[in-house]
Amino acid sequence: MGRAFEFRKERKFKRWAKMAVQFTRIGKDIVIAVKDGGPHPETNSRLRTAIQNAKAVNMPKDRVDAAIKRASDKSMANYEEIVYEGYAPHGVAVLIETATDNTNRTVANVRSYFNKTNGSLGKTGSLDFVFSRKSIFRFAPTDDLDLEELEFELIDAGLEELYVEADEEGNDIVVAQGAFEDFGRLQKAIEEKGIELKSSKLERIALSHHEVTEEQAVDVMKLIDKLEEDDDVQAVYHNMAE
C-alpha cells in the first residue's frame, strides 16, 4: 500500500500507545484519590480533578467508573508516590514522578535507564534549585472570554501568570499558573467563572534551562523515552532547552 500508508499506520499506533499510557496513569491517579479522600467527586477534590483529566484525554466513562470501584475495595493496595531525580547525559536535569505498588521494581528500573544511557541517578531533593512545583490549569479560549479581565479577576485566587500556548494539534490553549499551595482555590475560582477545564495538574517548571546540541538532545531523549514508557512513571520533567 506504499510508504504513505505505512507512515499513517505508524502514527496511529503511536497515538494508541500514548492513549493507553495516559489511561493507565490517570487510572492510578483515580485510585490514589479514592484511597485518600473517598469515591465521591463532590467531596473529593483530587478525585474530581482526576476525572476531569480523564475526560480531557477521552478516557471512557466505564473505565473511570471501574477504577473508582476497584479503588473503593479495601483489599486493593494503594500506590506509593515517589519522586526520583538525576542527570541525563550532557548535564540535563531530569525529575521523575512515579506511582508504584512495588518500590524495589521501580527504583531498579529507573536506575537501569539512567545507567544504560550514561546518566546518573541522584538523591531526593538534589534538584530543588532546578524545578519549582506549580499549579497548572488549561482550558480552551472562547470568543466571549476576555483574558485580560480574567487575569485581573484571578489574581486574588493566586494566579501568577496567564498565557496562551499551542497543544499537540496546534490549537490555542489558555494556561493559568499559580503556586503549588494555591491549587484548590485557583481551581475553584476558574470553575466559578463557568470555564470548562481541559486539565488541572501540579507540574514541575524548570527555573533555568540547559543548552545542548542537536546530537546531544538525541542522547537525552533516549533516557526520557525509556522513562516515559515505564508503567510506574506518571510524569517526566527536564530542563533541556528546546
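In case you missed it, the structure is sitting above this.
A brief structural summary. It should be emphasised that the depicted structure is a prediction, and the values quoted were computed from it without experimental measurement. (Residues numbered from 1 in each chain as written. Predicted model: local features only at pLDDT ≥ 70, side-chain atom pairs only at ≥ 80, totals over all residues. Heavy atoms only, no water.)

Here the focus is the pattern of salt bridges. Once the charged atoms of two side chains with opposite charge are near each other, the side chains can pair. All chains considered together, the criterion is met by 11 salt bridges. A salt bridge links Lys 28 to Asp 232; the shortest N-O distance between them is 3.5 Å. With Lys 28 in helix H1 (residues 3–37) and Asp 232 in the loop between helix H7 (214–228) and strand S8 (233–238), the pair connects residues that are 204 residues apart, well separated along the chain. Each member of the pair, Lys 28 together with Asp 232, is buried. Measuring nitrogen to oxygen at the nearest pair gives 2.8 Å for the salt bridge that ties Glu 203 to Arg 138. Note that Glu 203 is positioned in strand S7 (residues 197–206) and Arg 138 in strand S4 (residues 131–139), a separation of 65 residues in sequence. For the pair Glu 203 and Arg 138, one class covers both residues: buried. (Salt bridge = Lys/Arg side-chain N within 4 Å of Asp/Glu carboxyl O. Helix = DSSP H or I, 4+ residues; strand = E, 2+ residues; numbered from the N terminus. Buried < 20%, exposed > 50% of the residue type's maximum accessible area, 1.4 Å probe, protein only.)

Quick look at the nonpolar core now. Of all hydrophobic cores here, the largest spans 19 residues; its most connected members are Ile 26, Ile 30, Val 34, Leu 47, Met 59, Val 64 and Ile 68. At the level of elements, H1, helix H2 (45–56) and helix H3 (61–72) are the ones that each hand at least two residues to this core. The leading source of residues in this core is H1, at seven residues. Filtering out sequence-adjacent residues up to four positions away, Ile 30 remains in contact with Leu 47, Ala 50, Val 64, Ala 67 and Ile 68. Within the second largest apolar cluster, 17 residues are counted, among which are Ile 82, Val 92, Ile 224 and Met 240. (Core = buried A, V, L, I, M, F, W, Y, C linked by side-chain atoms within 4.5 Å. Contact = heavy atoms within 4.5 Å.)

What follows covers a negative patch on the surface. A surface patch of negative charge is lined by Asp 146, Glu 148, Glu 149, Glu 151 and Glu 161. Here the negative patch takes three residues from helix H5 (residues 147–154), the largest share from any one element. Classification of Glu 149 by relative accessible area gives partly exposed; the value is 45%. (Patch = residues over 30% accessible without salt bridge, like charges linked within 9 Å, V, L, I, M, F, W, Y side chains within 5 Å. Areas by Shrake-Rupley, 256 points an atom, 1.4 Å probe, with all protein chains shown as cover. Lys, Arg positive; Asp, Glu negative; His and termini not counted. Charge placed at Lys NZ, Arg CZ, Asp CG, Glu CD.)

This part covers the side chain of Thr 100. For Thr 100, the position within the fold is in strand S2 (residues 93–100). Looking at Thr 100, its side chain comes within polar contact range of the side chain of Arg 105, at 3.4 Å. Separated by 2.7 Å, the side chains of Thr 100 and Thr 106 make a polar contact. (Polar contact = N/O pair within 3.5 Å; in protein donor to acceptor, adjacent residues only side chain to side chain.)

With that out of the way, let us pick up the pairing of S4. Extensive coverage of S4 is indicated by the burial of seven of its nine residues. Strand direction decides the pairing type here: S4 and S7, joined by nine bridges, are antiparallel. Paired with Ser 135 across the two strands is Leu 202, which belongs to S7. Judged from the six bridges that link them, S4 and strand S6 (residues 172–179) form a sheet pairing that is antiparallel. Across the sheet, residue Ser 135 finds its bridge partner in S6, namely Gly 178. (Pairing = 2+ DSSP bridges.)

This part is about the packing of H2 against helix H6 (residues 183–192). Orientation of H2 relative to H6, taken along the N-to-C sense of each, is 55°, at an axis distance of 12 Å. By the angle between their axes, H2 is oblique relative to H6. The handedness of the crossing between H2 and H6 is left-handed. Contact residues: Arg 48, Thr 49 and Gln 52 in H2; Phe 183, Gln 187 and Glu 191 in H6. Here the contact of H2 with H6 is composed, by residue class, of one nonpolar, three polar and two charged. (Axes fitted to C-alpha atoms, helices over the stretch in contact; angles between N-to-C directions. Parallel < 35°, antiparallel > 145°, perpendicular 65-115°, else oblique. Left-handed = near helix turned anticlockwise from the far one by under 90°. Nonpolar A, V, L, I, M, F, W, Y, C, P; charged D, E, K, R; others polar.)

Everything listed here is a matter of coordinates, which is why it stays silent on function.
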